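A structural walkthrough
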Amino acid sequence: SALPGVNVILKGTTKGTVTDQHGAYQISVPAKGGTLLFSFIGLQSKEVEIGVSSIINVSMEMDVQQLSE
């Protein structure tokens, strides 16, 4: 299901955004690509390489260690 409030950041920059109530986001990335970092409290952070696709969907998993803290 959609997850609002996920932080999406272009790795190595301060450029980022947050997912909306439908889990959607938009971010401008360089033509040469890069890596997107997805993070949300209680879930494991994910890094996804930007390829030629203009749509990147991510599934996030619970971070049991972080929840126990």
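Computed from a predicted structure; not experimentally measured.

Attention shifts here to the nonpolar core. In this structure, Val6, Val8, Leu10, Leu36, Phe38, Leu43, Val48, Ile50, Ile56 and Met60 together form the largest nonpolar core, which totals ten residues. Listing elements by their share of this core, those giving two or more residues are β1 (7-10), β3 (34-40) and β4 (43-50). Among the elements that make up this core, the one with the highest residue count is β4 (three residues).

Residue placement: Asn57 occurs in the loop between β4 and α1 (64-68). On the basis of relative accessible area, Asn57 is assigned to the exposed category, the value being 72%. With 34 residues separating them in the primary sequence, Asn57 and Gly23 have C-alpha atoms 9.4 Å apart.

This part is about the environment of Thr14. One can find Thr14 in the loop between β1 and β2 (16-18). Taking the relative accessible area as the measure of exposure, Thr14 reaches 84% and is therefore exposed. As for Thr14 and Phe38, which are separated by 24 residues in sequence, their C-alpha atoms are 13 Å apart.

Rules used throughout
- Residues numbered from 1 in each chain as written.
- Predicted model: local features only at pLDDT ≥ 70, side-chain atom pairs only at ≥ 80, totals over all residues.
- Heavy atoms only, no water.
- Core = buried A, V, L, I, M, F, W, Y, C linked by side-chain atoms within 4.5 Å.
- Buried < 20%, exposed > 50% of the residue type's maximum accessible area, 1.4 Å probe, protein only.
- Helix = DSSP H or I, 4+ residues; strand = E, 2+ residues; numbered from the N terminus.

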